[in-house]
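Remarks on the overall topology
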Amino acid sequence: MAVDDMPRAGGQARCPGTNWDDLMAAESRTPPDFLVKDAYEYMGSAPLAAARYTSPEFFARERAAMWPNVWQFAAREEEMPEPGDVVLYENAGRSYLVTRQPDGSVRAFHNVCLHRGRKLRLDSGWSKEFKCPFHGFTWNTDGSLKDIPCRWDFGHLSDSSMQLPEAQIGRWGGYIFLKEAEGGPTLEEYLAPLPEHFKRWKHEDCYTAVWVGKVIRANWKATAEAFMEAWHSVITHPQILPFTGDANTRYNVYGDHVNVALTPFAVLSPHLDQAAHSQQWIIDEFLKYNGRAGGADLKVEVPEGASARAHMAAVNRERYTQNTGHDHSHATDAELLDAFTYNVFPNFAPWGGFMPNIVYRWRPWPDQDSTLMEVRLLMRAPPGAPKPKPAPMNFLADDQPWTAATELGALGHIFEQDMANLPFVQDGLKASKNGEVHLGDYQEIRIRHFHRTLDRYLERFG
Ligand code: FES
Ligand SMILES: [Fe+2]
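Model, not experiment: these values are computed from the prediction.

We now examine the overall build of the protein chain. Across its full length, the protein chain holds 13 helices and 20 strands. A compact globule built from 462 residues would reach a C-alpha radius of gyration of about 23 Å, and the protein chain, at 24 Å, matches this within 12%. Out of the 462 residues belonging to the protein chain, those deemed buried represent 42%. When contacts within the protein chain are restricted to residue pairs at least 6 apart in sequence, those whose partners lie at least 24 apart make up 62%.

Put into structure tokens, the structure is as follows:
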């Protein structure tokens, strides 16, 4: 049958082979409903315009209508534990000083001197006040005016008019979010149903153990979208197919802001011959990528008649309990093995499941052609122990590959494979003759969902 004659599936087609429902039915523990329930929604098959990724005008619309109205992940709590601690957060033409207050609350001030506009700070750190390095206008860490040198010349400025402008702050799961515009949904409303799902995984008990950033020469959306589907694995990451159910991934969407890819590990890819490989081979290959439990020297033998997935889950349940001191007897196999890649619109992606949890963030850096991509690994502090100091960001230079960040372990090689595509995606989108981008109805639904929400913001606030 010619491709043009194939029936239009309207999002109903699925890759043959072991699907997510089969894996849930084979679980050793009762999975929570949100892991079982299909939340896919067909959203049409129309192409996207390539200009969404390349046009300065489109970028300006995002800047004006989208970014001020979304909740943005600005910092982790552990980056700023003490009163006076400040995280400098910059994105889409704005600069903020996210500041810990004496009562433990957090406020975010625009990092711009109200005299003649110099940025007040250029880095994160601790401060007893914000003193402008140009003429010395000074603010307290609650944003109130402290001092104007030669005040006699500024009789027209009142203390109240000199209060630093402020963004909204929301906090959840150890993450601090800010929103520039007033009003709109609360953070809890915006994130729903994600906090309900993450109650099991408690990111508030975790800390940033690894943090790596690098500027990618591609649009921020194109870069984020490289992490929204698993099916590029067959070409981009062929070495993980022995233990990755890439094309059997479940894709769920929730409301406007949240979606997830549930990618099973410790199963053979449906692209491989199922009869040709042993269960032991699946585990041996998985362990080259730590088997999600860590420990390069780990040897795991699959008992006669057992499946790689069930056995590796049992091993991880034991190891996670030993390594962290937290009981994992209730944890499903999927939560101990798989990639639950959640996305919160527009640029925040925390992995669910039990740790180690990857967290991605993407920011235009500074325009439509470049992105600051950050990868964190969260680890859980042992029960009763204080959280270790978080890792600072290892900001890779342009000529450093992701493998130079040895703290990422085997992940560095995978990120390098992902990033190798992206500058050529950006170049190709600019060179496109038909100006169109096509998406799979099912496996790329998260990308379509993302653009549908983006359009809603551009229409509503543009
Ligand atoms: S610009 Fe800040 S004190 Fe003059
Ligand atoms: Fe990838």
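Next comes the rest of the account.
Looking now at helix 9 (residues 279-287). Within the sequence span of helix 9, burial applies to Gln279, Ile282, Ile283, Glu285, Phe286 and Leu287. Lining the buried residues of helix 9 we find helix 10 (308-324).

Attention shifts here to the packing of helix 4 (residues 56-66) against helix 13 (residues 445-461). With their axes 9 Å apart at the nearest point, helix 4 and helix 13 run at an angle of 70° to one another. Relative to helix 13, the element helix 4 is oriented roughly perpendicular. Counted together, Arg61, Ala65 and Met66 of helix 4 and Leu454, Tyr457, Leu458 and Phe461 of helix 13 form the full contact between these two elements.

Trans is the common state for peptide bonds, and a negative phi is the common state for residues other than glycine. Here the amide bond leading from Ala192 into Pro193 is cis, since omega sits at 5°, within 30 degrees of zero. Examined against the element boundaries, Pro193 turns out to sit in the loop between helix 5 (187-191) and helix 6 (194-198). In this chain, Phe345 is followed by Pro346 through a cis amide linkage whose omega measures 5°. Its location among the elements puts Pro346 in the loop between strand 15 (339-344) and strand 16 (348-352). Here the phi dihedral of Lys202 falls at roughly 50°; this positive angle occurs in a residue that is not glycine.

Here the focus is helix 4. For helix 4, the set of buried residues is Phe59, Glu62 and Met66. Down the axis of helix 4, the smallest arc covering the buried residues is 75°, so these residues share one side. Residues Pro56 and Glu57 are exposed on helix 4 and point more than 90 degrees away from its buried face. In this structure, the buried residues of helix 4 make contact with helix 13.

Parsing the protein chain into structural domains produces domain 1 (19-49 + 201-461) and domain 2 (70-187). Between the C-alpha centres of domain 1 and domain 2 there is a distance of 34 Å. Facing the 13 residues of domain 1 at the interface are 9 residues of domain 2. Elements represented by at least two residues in the side of domain 1 that touches domain 2 include exactly strand 12 (206-216) and strand 17 (357-364). Of the residues belonging to the side of domain 1 that touches domain 2, the class tally is 7 nonpolar, 2 polar and 4 charged.

Positionally, Ala222 belongs in helix 7 (residues 220-225). Judged by the 26 C-beta atoms lying within 10 Å of it, Ala222 is buried. Between the C-alpha atoms of Ala222 and His135, which are 87 residues apart in sequence, the distance is 42 Å. Setting aside its immediate chain neighbours within four residues, Ala222 contacts Tyr53, Leu422, Val425 and Gln426.

Another aspect to go through is the environment of Gln426. Along the chain, the position of Gln426 falls in helix 12 (residues 411-431). Once residues lying within four places of it in the same chain are set aside, the contact partners of Gln426 are Arg217, Ala218, Asn219, Ala222 and Asp369.

Moving on, we get to the nonpolar core. Grouped together as the largest cluster of nonpolar side chains are 115 residues, with contacts concentrated most on Ala74, Tyr96, Val98, Ala108, Leu178 and Ala266. Both domains that furnish three or more residues to this core are identified here as domain 1 (19-49 + 201-461) and domain 2 (70-187). Once you skip the residues sitting within four places of it in the chain, Tyr96 turns out to touch Ala74, Tyr89, Ala108, Phe109, His110, Asn111, Ala167 and Leu178.

Here we come to the sheet that holds strand 6 (residues 125-126). Strand order in this open sheet of 7 strands is 2-11-10-5-4-3-6, and the pairing throughout is antiparallel. The two strands at the open ends of the sheet, each matched to only one other strand, are strand 2 (72-76) and strand 6. Looking at chain direction, strand 5 (residues 106-110) and strand 10 (residues 166-172) are connected through 2 bridges and run antiparallel. What sits directly across from Phe109, in strand 10, is Glu166.

Quick notes on the rules
Residues numbered from 1 in each chain as written. Chains lettered and ligands numbered in written order. Predicted model: local features only at pLDDT ≥ 70, side-chain atom pairs only at ≥ 80, totals over all residues. Helix = DSSP H or I, 4+ residues; strand = E, 2+ residues; numbered from the N terminus. Rg over C-alpha atoms; globule rule 2.2 N^0.38 Å. Buried ≥ 20, exposed ≤ 12 C-beta atoms within 10 Å, placed from the backbone. Contact = placed C-beta atoms within 7 Å. Axes fitted to C-alpha atoms, helices over the stretch in contact; angles between N-to-C directions. Parallel < 35°, antiparallel > 145°, perpendicular 65-115°, else oblique. Arc of directions from axis to C-beta. Domains from an automatic or database assignment. Nonpolar A, V, L, I, M, F, W, Y, C, P; charged D, E, K, R; others polar. Core = buried A, V, L, I, M, F, W, Y, C linked by C-beta atoms within 7 Å. Pairing = 2+ DSSP bridges.

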